[in-house]
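Summary of structural features
The chain contents come next:
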Amino acid sequence: MEYLLLQVLNGVQLGLLMFLLAAGLTLTLGIMDLVNLAHGSLYMMGAYIAWTLIGVTDSFVLGALLALPATFLLGVVVEAVVIRKLYARDHLTQVLATFGLILFFNELVRALWGPAGKSIAVPGFLNRTIEILPGVPYPAYRFAIILVGALVAILLAWLVARTRLGMLIRAGASNRRMIGALGVNIELLFSLVFGLGAVFAGLAGLMSAPIASVRIGMGDDILILALVIIVIGGIGSIKGAFIAAMVVGQIDIVGRAFLPDILKTFMSSSAASSAAPAISQVMVYVLMAVVLVWRPTGLFGQRT
C-alpha cells in the first residue's frame, strides 16, 4: 500500500506538470483556433531560461520567478512576429509554420547554450524527504511540484471563472467573432492568452528540469501527450484538461510501476520491463480513442 501511495503521488505530480502544458495549449487552440506545435518549444525555453537565471542569481527560487515574466515576454514576441500572421490560415499551414518554429528554437538553443544538455540542481531546502504518512517518505521537491501545480490550477480556475479576462477567454472560446464585434481588442486578447500559455509551459519546463535533463528537443515528446490530454478533456476546456491530465498521469505512472510484475507471470523479466512502458503509453491512446468514439468533442468540449 505504501508503494501504491508513492506511485499515485508520482502520477499526480506528472499529471499536474502535464496540466500546465496542456492548459496553455488548450487555450490557444480553443480560443485562437491555432494548432501550435511549437508549444513544446516554449516548455524547453522555459527550462533553459530558468537555468541561465538561476546561474546568474545563484538562487533557484529567484531564478524561477524571473524566468516566468521572461517566458511571457518571449511568448508575446513570438505571437506578434509569427503567430499573428497564421490566424487566417488553414490548419495545415499552421502546422507547417509552427513545426518550423520547433526547428528554429532547437537551433537557437544550440547556438546560445550549446548542444550539451544542462542540469538544474534541486534546491537545498527541498533536497530531502518528508513523511507524507508515518514511515512513508516522499521527495520534498516532487511534493513541492504537486503543491505549486495545484496552486496554479486553482488560480487558473479562478482567473477563468471570476475575472474579466477570464470572461473574455470563455467568450472567445465560444464565439471569438462576436466578442470582436462587441469592441474587444482581439489582438491584445490573443497576445495575452498566448503569453499566458507560454508562462504555463515555461513553468512546467523549469519545474521538471531538476528531475529530468534540460536538453534540445525536450518538449517535442511531451507535446504529443499534451495534445492527447486536450483531446480527451475537450478543446478549450480548462476543467477537461485538468481531469484528463490527472487520469493520464495515473495511467502512465501506475502502469509503469505495476505492469512489469503482472507481465512477469507469462514472460521474462527483461521482456516485461521493456513492454510495460510501451503498454502504458498504448493505454493512454486507447483511452483517447474510446473517448472520441463516445464523445467526439472530448469529455468537456462543447457540442456543435
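In case you missed it, the structure is sitting above this.
A brief look at the structure comes next. Please read these numbers as outputs of a predicted model, since none were measured by experiment. (Residues numbered from 1 in each chain as written. Predicted model: local features only at pLDDT ≥ 70, side-chain atom pairs only at ≥ 80, totals over all residues. Heavy atoms only, no water.)

Here four bridges tie strand S1 (residues 129–133) to strand S2 (residues 136–139), and the two strands are oriented antiparallel to one another. Within S2, the residue paired with Thr129 across the bridge is Pro139. (Pairing = 2+ DSSP bridges. Helix = DSSP H or I, 4+ residues; strand = E, 2+ residues; numbered from the N terminus.)

A full pass over the atoms with the stated rule returns six aromatic pairs. With 5.0 Å between their ring centres and 40° between their planes, Tyr48 and Trp113 make a pair best called tilted. With Tyr48 in helix H2 (residues 39–57) and Trp113 in helix H4 (residues 91–113), this residue pair connects regions lying 65 residues apart in the sequence. Summarising the burial analysis for this pair, Tyr48 and Trp113 share the class buried. Between Phe60 and Tyr141, the aromatic rings sit 6.1 Å apart at their centres with planes inclined by 80°, giving edge-to-face as the arrangement. A residue pair is termed long-range when its members are at least 10 positions apart, and Phe60 in helix H3 (residues 60–81) and Tyr141 in helix H5 (residues 140–162) qualify at 81 residues. Across the pair, Tyr141 and Phe60 agree in class, each one buried. (Phe/Tyr/Trp six-rings, centres within 6.5 Å; stacked < 30°, edge-to-face > 60°. Buried < 20%, exposed > 50% of the residue type's maximum accessible area, 1.4 Å probe, protein only.)

This paragraph deals with the nonpolar core. In this structure, Met18, Phe19, Leu20, Ile83, Leu156 and Met207 are the most contacted members of the largest nonpolar core, which totals 86 residues. Counting residues per element, this core draws most heavily on helix H1 (residues 2–32), which supplies 13 residues. Beyond its immediate stretch of four places on either side in the chain, Leu156 contacts Phe19, Ala23, Phe200 and Ile238. Ranked by size, the runner-up nonpolar core spans five residues in total, among them Leu9, Leu16, Ile146 and Met246. (Core = buried A, V, L, I, M, F, W, Y, C linked by side-chain atoms within 4.5 Å. Contact = heavy atoms within 4.5 Å.)

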